[in-house]
Amino acid sequence: MQMPSYIRFVLAGTMLLHGVSLFTGIGSMGVQAMWAWGTSPPKCEPVAGAAWSFQQGATIAAGSSGTVKCTAAGGTANVATVQCPTSTGTAPDSDWWGPCGPGASCAQTKKIGNTVTCTGGATQKPTTQKPTSTTKSASLAQRVATYAMQFAAMVAVVVCAHSFAG
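Please read these numbers as outputs of a predicted model, since none were measured by experiment.

Right, let's talk about the overall build of the protein chain for a bit. A tally of regular secondary structure across the protein chain gives three helices and eight strands. Mapped in sequence order, the helices and strands of the protein chain form the string α-β-β-β-β-β-β-α-β-β-α. Across the 166 residues that make up the protein chain, the buried fraction comes to 24%. A sequence separation of at least 24 residues applies to 59% of the contacts in the protein chain between residues at least 6 apart. With an accessible surface of roughly 10,200 Å², the protein chain has 64% of that area assigned to carbon and sulfur atoms.

Sheet topology places strand β1 (residues 43–46) next to strand β3 (residues 60–61); two bridges connect them, and they run antiparallel. Note that in β3 the partner of Cys44 across the bridge is Ile60.

What follows concerns the confidence of the model for the protein chain. Taken as a whole, the protein chain shows an average pLDDT of 75; of its residues, 57% reach a score of 70 or greater. Confidence over residues 28–34 falls short of pLDDT 50; this stretch has eight contacts with residues more than four positions distant or in other chains.

Another point: the state of the cysteines. Tallied over the full model, the rule gives three disulfides. The disulfide partner of Cys100 is Cys106, and the S-S distance across this bridge is 1.9 Å. Judged by the sign of its S-S torsion, about -70°, the bond between Cys100 and Cys106 is left-handed. For the pair formed by Cys100 and Cys106, the shared burial category is buried. Along the protein chain, the cysteines that take part in disulfide bonds pair up as 1-3, 2-6, 4-5, counted in sequence order.

The strand order across the open sheet built from three strands is β2-β4-β6, with neighbouring strands paired in antiparallel fashion. In this open sheet, the two edge strands, each paired with only one partner strand, are β2 (52–54) and β6 (81–83). Each neighbouring strand pair of the sheet contributes to a mean axis angle of 40°, computed without reference to strand direction. As judged from the three bridges shared by β2 and strand β4 (residues 65–70), these two strands associate in the antiparallel manner. Counted as the bridge partner of Phe54 is Val68 from β4.

A complete count under the given rule lists one aromatic pair for this structure. Its end group placed over the ring of Trp96, Lys110 keeps NZ or CZ at 5.6 Å from the ring centre.

Reading the values: the criteria
- Residues numbered from 1 in each chain as written.
- Predicted model: local features only at pLDDT ≥ 70, side-chain atom pairs only at ≥ 80, totals over all residues.
- Heavy atoms only, no water.
- Helix = DSSP H or I, 4+ residues; strand = E, 2+ residues; numbered from the N terminus.
- Buried < 20%, exposed > 50% of the residue type's maximum accessible area, 1.4 Å probe, protein only.
- Contact = heavy atoms within 4.5 Å.
- Areas by Shrake-Rupley, 256 points an atom, 1.4 Å probe, with all protein chains shown as cover.
- Pairing = 2+ DSSP bridges.
- pLDDT = per-residue confidence, 0-100.
- Disulfide = S-S within 2.5 Å.
- Axes fitted to C-alpha atoms, helices over the stretch in contact; angles between N-to-C directions.
- Phe/Tyr/Trp six-rings, centres within 6.5 Å; stacked < 30°, edge-to-face > 60°.
- Lys NZ or Arg CZ within 6 Å of the ring centre and 35° of its normal.

Here it is, written out as structure tokens:
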């Protein structure tokens, strides 16, 4: 006895839905995209060797302004605040895709404020150096390989579901 077509269709759809979620690593089908960095969102920190810090703390969130505080007692900054670039949370997020890469967590903080200088105070230290990175961002080959494997897995699930549905 052959299975009714509507049951085959429902089973194929269920298999496709769960197969995609299994191979993409998102567990149950959620709404959050992999470039949203929900676990650890994008943040900014002062450039390496800066003679200043943020009054708010070591880092500031994407899209916010940080109040510049010179590290030398009595020092005065040439600007009052520094802006951390906004994260759109949608692809392509040009300011953040390089430092963050794929996944639920942003891989590294963005270095900002390379033109901020502090004058006066106990000591003076120039901060006009190029930003450096302490964490390597994923190479293009690594990013593409992840998507290629996910695409191949989804194609395999679709082929299997199609053959099951008849």
